[in-house]
Amino acid sequence: MPSRGGRRVVLVAAVANNGVIGDGPDIPWRLPGEQALFKAVTLGHTLVMGRTTYESIGRPLPGRTTIVLTRSPSWSADGVLVAHSFQEALDLADTLDAAAQVMVAGGGEVYAAAMPHADEQVLSLVDLSPAGDAFYPAYDAGEWIETAREPYDGYERVFLVRAADRL
């Protein structure tokens, strides 16, 4: 299902050794420079995130169009677009800037819904195993090709593309 007419779907996440990506509204670590790398990867693109992730940030991120996924038909927030399914978010993204990629920014349920559509993953692999209640979805490593790996203090940033995209 990946590759929607040239618009790529990219999952961007920081993932601990045990798969944890969050604990309630919090990220259970602080990594120097990791948020700046997130900004560099997502700036100028369309961000898709769940309502809980959005509310933990508390505002739309500058330089990005934000689509918030929620089950609540009455939920809204200033400065963001709302969708009620991942497919609806993709359809909405198709009406926006044609050059923008769809960058998925969590949480766990949103990553799971997006995984079948994903063309790329940009993962900060965090060398910790904290307690948490939100997890990155399992994926078949055989379907992905690592294109780059960058070491940082306490984590590695790994870039993956879906193997079918490399044909």
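Residues numbered from 1 in each chain as written. Predicted model: local features only at pLDDT ≥ 70, side-chain atom pairs only at ≥ 80, totals over all residues. Heavy atoms only, no water.

The name given to the protein in an unreviewed UniProt entry is Dihydrofolate reductase, with Nocardioides agri as the source organism. The annotation that UniProt attaches to the protein under Sequence similarities (unreviewed entry) is "Belongs to the dihydrofolate reductase family." Per UniProt, the comment on the protein under Pathway (unreviewed entry) is "Cofactor biosynthesis; tetrahydrofolate biosynthesis; 5,6,7,8-tetrahydrofolate from 7,8-dihydrofolate: step 1/1." (UniProt positions renumbered as here; feature names shortened; annotations may be inferred.)

K.L.:
Lay out the layout of surface pockets in plain terms, naming residues and giving numbers.
P.N.:
In this structure, the largest pocket occupies an estimated 1,400 Å³ of space. Along the walls of the largest pocket sit 45 residues, with Thr53, Ser56, Ala105, Gly106 and Gly107 positioned nearest its centre. For the lining of the largest pocket, the secondary-structure elements that each account for two or more residues are strand S1 (9-16), strand S2 (20-22), helix H1 (34-42), strand S3 (46-50), helix H2 (51-57) and helix H4 (108-114). Partitioned by chemical class, the residues of the lining of the largest pocket number 21 nonpolar, 13 polar and 11 charged. (1 Å grid on protein atoms, 1.4 Å probe; cavity = no way out; pocket = protein on both sides within 12 Å on 5 of 7 lines; lining within 4 Å. Points joined across faces, edges and corners; volume = space filled by probe spheres on them. Helix = DSSP H or I, 4+ residues; strand = E, 2+ residues; numbered from the N terminus. Nonpolar A, V, L, I, M, F, W, Y, C, P; charged D, E, K, R; others polar.)

K.L.:
Tell me about the pairing of strand S10 (residues 155-162), and please be specific about residues and values.
P.N.:
With 6 of 8 residues buried, S10 lies mostly within the body of the structure. Taken together, the 7 bridges between strand S7 (residues 120-126) and S10 define a ladder with antiparallel strand orientation. Along S10, the bridge assignment pairs valine 126 with tyrosine 155. As paired elements, strand S9 (residues 144-152) and S10 share 8 bridges and run antiparallel to each other. Bridge pairing in S10 places proline 151 opposite glutamate 156. Counting the residues that bridge the hairpin from S9 to S10 gives 2 residues, and of these glycine 154 lies at a positive phi of roughly 90°. (Buried < 20%, exposed > 50% of the residue type's maximum accessible area, 1.4 Å probe, protein only. Pairing = 2+ DSSP bridges.)

K.L.:
Outline the pattern of salt bridges, supporting the account with residue identities and numerical values.
P.N.:
Summed over all chains, the structure comprises 8 salt bridges. As a salt-bridge pair, arginine 7 and aspartate 94 come within 3.2 Å of each other at their nearest N and O atoms. Highlighted residues: arginine 7 in the segment before S1 and aspartate 94 in the loop between helix H3 (86-93) and strand S6 (102-104), separated in sequence by 87 residues. Exposure remark for arginine 7: the relative accessible area of 6% places this residue in the buried category. Here aspartate 94 falls in the partly exposed class, since its relative accessible area comes to 37%. (Salt bridge = Lys/Arg side-chain N within 4 Å of Asp/Glu carboxyl O.)

K.L.:
Any chance you could break down the nonpolar core for me, citing the residues and the numbers?
P.N.:
Formed by 26 residues in total, the largest nonpolar core has its most connected members in Leu11, Val48, Phe86, Val104 and Tyr136. Looking at this core, the elements that each hand over two or more residues are S1, strand S4 (65-69), H3, S6, H4 and S10. For leucine 11, the contacting residues outside a window of four places in its chain are Val104, Tyr111, Ala114, Met115, Ala118, Glu120, Gln121, Val122 and Tyr136. (Core = buried A, V, L, I, M, F, W, Y, C linked by side-chain atoms within 4.5 Å. Contact = heavy atoms within 4.5 Å.)

K.L.:
Could you give an account of the environment of threonine 46, with specific residues and numbers?
P.N.:
Note on placement: threonine 46 falls in strand S3. Along the sequence, threonine 46 and aspartate 94 sit 48 residues apart, while their C-alpha atoms lie 10.0 Å from each other. Apart from the residues lying within four places of it in its own chain, the contact partners of threonine 46 are Thr65, Ile67, Ala93, Leu96, Ala100, Gln101, Val102 and Met103.

K.L.:
How would you explain the sheet that holds S4 if you had to name every residue and give the values?
P.N.:
Pairing in this open sheet of 8 strands is mixed, and the strands run S5-S4-S3-S6-S1-S7-S10-S9 from one edge to the other. Looking along the sheet, the strands with just one partner apiece sit at the ends: strand S5 (81-83) and S9. Averaged over all pairs of adjacent strands, the angle between strand axes in this sheet comes to 20°, irrespective of strand direction. Judged from the 3 bridges that link them, S1 and S6 form a sheet pairing that is parallel. In the sheet register, leucine 11 faces S6, and the bridge partner there is valine 104. Along the sheet, H1 contacts S1, S3, S6, S7, S9 and S10; its crossing angle with S10, the most-contacted strand, is approximately 25°. (Axes fitted to C-alpha atoms, helices over the stretch in contact; angles between N-to-C directions.)

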